[in-house]
Amino acid sequence: MSRSDDLFVAAPADRVTEGNRVEHLPDDDESVRQIWQAIEQAEVCVWMTMYILKPDEIGYRTLDLLTEAARRGCEVLLIYDHWGSFGLRGKHTAELREAGGRVEIFNRIWPPWKKRGRLTIRNHRKITIIDGEAAFCGGQNLSEAFAGRDLGEFTFDDSMTRVEGPCVRCLADIFLGTWKEITGEDREAPPESAPDPEGVRVAVIETDPRREETNLLNIVSRAIEAAETRCFLIAPYFIPAAWLKEALLEAARRGADVRVLTAGDSDRTLAREAGRAHYEDLLCEGVRVFELFGRMLHAKTLAIDESFGHVGSYNFDLWTSKHVLDAAVMVEDPAHARAVREEFEQLQHEADEIHLDEWAQR
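Summarised in this report is the structure supplied together with it. (Residues numbered from 1 in each chain as written. Predicted model: local features only at pLDDT ≥ 70, side-chain atom pairs only at ≥ 80, totals over all residues. Heavy atoms only, no water.)

A few points about the overall build of the protein chain
Inference 1: Assigned secondary structure in the protein chain consists of 12 helices and 18 strands.
Inference 2: For 362 residues, the compact-globule estimate of 2.2 N^0.38 gives 21 Å, and the C-alpha radius of gyration of the protein chain, at 20 Å, lies within 12% of that figure.
Inference 3: When its C-alpha atoms are laid out on the principal axes, the protein chain stretches across 60 × 45 × 40 Å.
Inference 4: The buried share among the 362 residues of the protein chain stands at 60%.
Inference 5: Of the contacts made within the protein chain by residues no fewer than 6 positions apart, 80% connect residues no fewer than 24 positions apart. (Helix = DSSP H or I, 4+ residues; strand = E, 2+ residues; numbered from the N terminus. Rg over C-alpha atoms; globule rule 2.2 N^0.38 Å. Buried < 20%, exposed > 50% of the residue type's maximum accessible area, 1.4 Å probe, protein only. Contact = heavy atoms within 4.5 Å.)

Considering unusual backbone geometry
Inference 1: The phi dihedral of D131 falls on the positive side, at around 55°, and the residue is not glycine.
Inference 2: The residue D131 is located in the loop between β6 (127–130) and β7 (134–138) in this model.
Inference 3: Residue classification places D131 among the buried residues on the basis of a relative accessible area of 16%.
Inference 4: You will see that F316, though not glycine, has its phi angle at about 60°, which is positive.
Inference 5: Assignment of secondary structure puts F316 in the loop between β16 (308–312) and α10 (318–323).

Looking at the packing of helix α6 (residues 215–226) against helix α7 (residues 242–253)
Inference 1: The N-to-C vectors of α6 and α7 enclose an angle of 15°; their axes lie 9 Å apart at closest approach. Comparing the axis directions of α6 and α7 gives the class roughly parallel. The element α6 and its partner α7 pack so that their crossing is left-handed. Judged by residue contacts, L217, V220, S221 and I224 of α6 engage W243, L244, A247, L248 and A251 from α7. (Axes fitted to C-alpha atoms, helices over the stretch in contact; angles between N-to-C directions. Parallel < 35°, antiparallel > 145°, perpendicular 65-115°, else oblique. Left-handed = near helix turned anticlockwise from the far one by under 90°.)

Quick word on the packing of aromatic side chains
Inference 1: Considering all chains together, one arrives at 8 aromatic pairs under this definition.
Inference 2: Centre to centre, the rings of W47 and F175 are 5.5 Å apart; their planes meet at 15°, and the pair counts as stacked. Residue W47 is located in strand β2 (residues 45–50), and its partner F175 is located in helix α5 (residues 167–183); the two are separated by 128 residues in the primary sequence.
Inference 3: Using a relative accessible area of 1% as the deciding quantity, one classes F175 as buried. (Phe/Tyr/Trp six-rings, centres within 6.5 Å; stacked < 30°, edge-to-face > 60°.)

Remarks on the environment of E30
Inference 1: Checked against the element boundaries, E30 lands in helix α2 (residues 28–41).
Inference 2: Residue class for E30 comes out partly exposed when judged on its relative accessible area of 31%.
Inference 3: A sequence separation of 117 residues divides E30 from A147, and the C-alpha atoms of the two residues are 8.8 Å apart.

Comments concerning the environment of K91
Inference 1: Its place among the elements puts K91 in helix α4 (residues 90–98).
Inference 2: Residue class for K91 comes out exposed when judged on its relative accessible area of 67%.
Inference 3: Spatially, the C-alpha atom of K91 lies 45 Å from that of A242, the residues being 151 residues apart in sequence.

Some points on the nonpolar core
Inference 1: If you look at the biggest cluster of nonpolar residues, it comprises 40 residues, and the most contacted ones within it are I224, F238 and L248.
Inference 2: V46, A69, F136 and L142 belong to the second-largest nonpolar core, a separate cluster that totals 31 residues. (Core = buried A, V, L, I, M, F, W, Y, C linked by side-chain atoms within 4.5 Å.)

Section: α4
Inference 1: Of all the residues in α4, the buried ones are H92, T93 and L96. All buried residues of α4 project into a common sector of 65° when viewed along the axis, lining one side. Away from its buried face by more than 90 degrees, α4 exposes K91 and E98.
Inference 2: Tucked into the core, α4 has its buried residues touching α3 (57–71), β3 (75–81) and β4 (102–106).
Inference 3: Just downstream of α4, G100 is the residue with a positive phi angle, here 105°. (Arc of directions from axis to C-beta.)

Observations concerning α6
Inference 1: Taking 1.5 Å of rise per residue, 12 residues should cover 16 Å, and α6 covers 16 Å from first to last C-alpha, within 8% of that figure.
Inference 2: The set of residues buried in α6 consists of N215, L216, L217, I219, V220, S221, A223 and I224. (Expected span 1.5 Å × (residues − 1).)

What about the environment of F86?
Inference 1: Note that F86 resides in the loop between β3 and α4.
Inference 2: Residue F86 is classed as partly exposed on the basis of its relative accessible area of 39%.

Regarding the packing of α3 against α4
Inference 1: Two elements in contact, α3 and α4, have axes whose closest approach is 8 Å; the angle formed by their N-to-C orientations is 20°. One finds that α3 runs roughly parallel with respect to α4. Between α3 and α4 lies a crossing whose hand is right-handed. Between α3, through Y60, L63, L66, T67, A70 and R71, and α4, the contact on the second element is made entirely by H92, T93, E95 and L96.
Inference 2: Residue composition of the contact of α3 with α4, grouped by class: 5 nonpolar, 3 polar and 2 charged. (Nonpolar A, V, L, I, M, F, W, Y, C, P; charged D, E, K, R; others polar.)

What follows is the structure in structure tokens.
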């Protein structure tokens, strides 16, 4: 079995596809623009699941484009998480619904008789699917805070990946599973796109703690365990579970260049302080740790050696593993791996490195 086969065997066979085209989007304005342009050009359907969709300039523009798509005959299905998008009200989506779009809320927190399951179970996925042919997946929400300097506030620094090809069907299956959970409806997934002979292998992976779906965790663990030369992790809320911490330590002990970039300025101060409790163990084994200040880091990526890049909504923390629905793509492609690594290196230049001697005397 090859190294890549050993990695991808952790994913369900029907979630691993060949012949895909992939583009990494580390620029927050560019990812918003590409999502908007894709919605404008949609001819058949637009399916979106979003954790945070705010009623601000970014949110309004997104809803306007979805409404226009519905008016020209596209099937528009929107899911948003009630906790993450708590400020979004029925009045904000009324025009979309009047145009024929469908809007559903995941795990309402109010009224209580409409709540389904524990309050802490949240749909943290950020997926947009266009005509069953292209999709966006990553950590970026749709609001001014998550857009870049041109379109928004650049409060959070994030990233997305755009995919085309057979793997879009896999992301659609995840979306439709959530849609059925909310509505009870069985909807047919779009036909799988023809593979590109020059395309790349992609695994679509997810977490769902309610049904112990952990293929995302398994693949991330295997990827780090397989690292030979390099393992660069961006994790904004770095409170590693035991398996993740040990995998990073073992990779460093084998001689791999292991680096972790996390948030210095954070919207979750307690998470930052809890994460710092792990620094000394990592630093003692040669793991390099960086904190980004000046804006809040929100990207969730992993670059392994020259071959593998991971982008998704999973925060690499213990809380997420137990309470949150997430999705990601693991891509076997040197170009994508390089793009994910270059994003890390760019942010590293702006970040403060934590040094063991200084940290021990803090």
